[in-house]
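Structure assessment
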Amino acid sequence: MARITLIPIGAIEPELLAQLKQSLEQTFAAMVEVGPQMDKPDYAYSPRRGQYLSPLILTAIGELAAEGKMLGVADVDLYAPGLNFIFGQADLKLGIAVISLCRLRQEHYGLAPDKELFSQRAIKEAIHEIGHTYGLTHCGDEACVMHFSNSLADTDRKEASLCQKCHSKLWSRP
């Protein structure tokens, strides 16, 4: 059975980790566990940008000795070179990924909190990034969880599930 380890980066709500665990187990038929918490990634912070450089966090996750895929869950604002921000990033070769919860929260945009909407967004981003570690690429179907999210509206529009084409790719891989 496939194995996925969730790595909380900083203080992440246990309820959210439980929801991510359940969704990833269902989507990937994997055994999902919550691994050790990593400290807030001060080493990846850019004072000029006020954000955290995602590739440095992926490197730190990769240094953990965990079997199978790993997904870091961070409540900091992430960016990658050449991009203003990212919701998440995956290293396909190493089977690791990270998602940012920061811009998934309504509060980030000066709006009232919406716990259910936040949870759905986090689940979609987690499935999307772990999907990449299984070799899935971005999908043209706007409802598919593997569709690229260039904005929060894109994330909200898609489902928390794979389209039939991506589902077939996932289960037909060697």
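Below is a summary of the structure that appears in this document. Remember, predicted model here, so these are calculated numbers, not experimental data. (Residues numbered from 1 in each chain as written. Predicted model: local features only at pLDDT ≥ 70, side-chain atom pairs only at ≥ 80, totals over all residues. Heavy atoms only, no water.)

1. Points about the nonpolar core
Heads up, the condition is: The criterion is simple. A nonpolar core is a set of buried Ala, Val, Leu, Ile, Met, Phe, Trp, Tyr and Cys residues joined through side-chain atoms within 4.5 Å. Burial classes: relative accessible area under 20% of the type maximum marks a residue as buried, over 50% as exposed, and values in between as partly exposed (1.4 Å probe, protein chains only). Going along the chain from the N terminus, every DSSP run of H or I of four or more residues is numbered as a helix, and every run of E of two or more is numbered as a strand. Residue contacts follow a heavy-atom distance rule, with two residues in contact if any of their heavy atoms lie within 4.5 Å.
Counting 35 residues, the largest nonpolar core has Leu24, Phe28, Leu71, Val73 and Leu101 as the members making the most contacts within it. Within the residue set of this core, elements represented by two or more residues are β1 (2-9), α1 (14-28), β2 (30-34), β5 (69-74), β8 (96-100), α3 (115-133) and α5 (164-172). Sorting elements by how many residues they give to this core places α3 first, with 6 residues. Residues within four places of Leu24 in sequence aside, it is in contact with Ile4, Leu6, Ala29, Val32, Leu71, Ala126, Ile127 and Ile130. Ala44, Ile57, Ala80 and Ile86 belong to the second-largest nonpolar core, a separate cluster that totals 17 residues.

2. Regarding the pairing of β1
For a regular strand, side-chain orientation follows a simple rule: the groups alternate between the two sheet faces. What counts is decided by this rule: Two strands qualify as a pair provided that DSSP identifies no fewer than 2 bridges between them. When the strands point away from the viewer, a crossover counts as right-handed if the path from the first strand over the helix to the second runs clockwise.
Within β1, 6 of the 8 residues are buried, leaving the element largely enclosed by the surrounding structure. Bridge count between β1 and β2: 5 bridges; the pairing is parallel. Of the residues in β2, the one forming a bridge with Leu6 is Val34. On the question of chirality, the crossover connecting β1 to the parallel β2 by way of α1 is right-handed. Here 6 bridges tie β1 to β5, and the two strands are oriented parallel to one another.

3. Some details on the side chain of Thr27
Within the fold, Thr27 resides in helix α1. Overall, Thr27 belongs to the buried group, its relative accessible area being 18%. In contact with Thr27, not counting residues within four places along its chain, are Ile127, Leu162, Leu170 and Trp171.

4. Topic: α3
Rule in force here: Helix span, expected: 1.5 Å multiplied by one less than the number of residues in the helix.
With 19 residues, α3 should cover 27 Å at 1.5 Å per step; its first-to-last C-alpha distance of 27 Å lies within 8% of that length. Burial analysis of α3 places 15 of its 19 residues in the buried class, which makes it a mostly covered element. Two residues or fewer after α3 comes Gly135, characterised by a positive phi angle close to 90°.

Keep in mind these values describe shape, not function.
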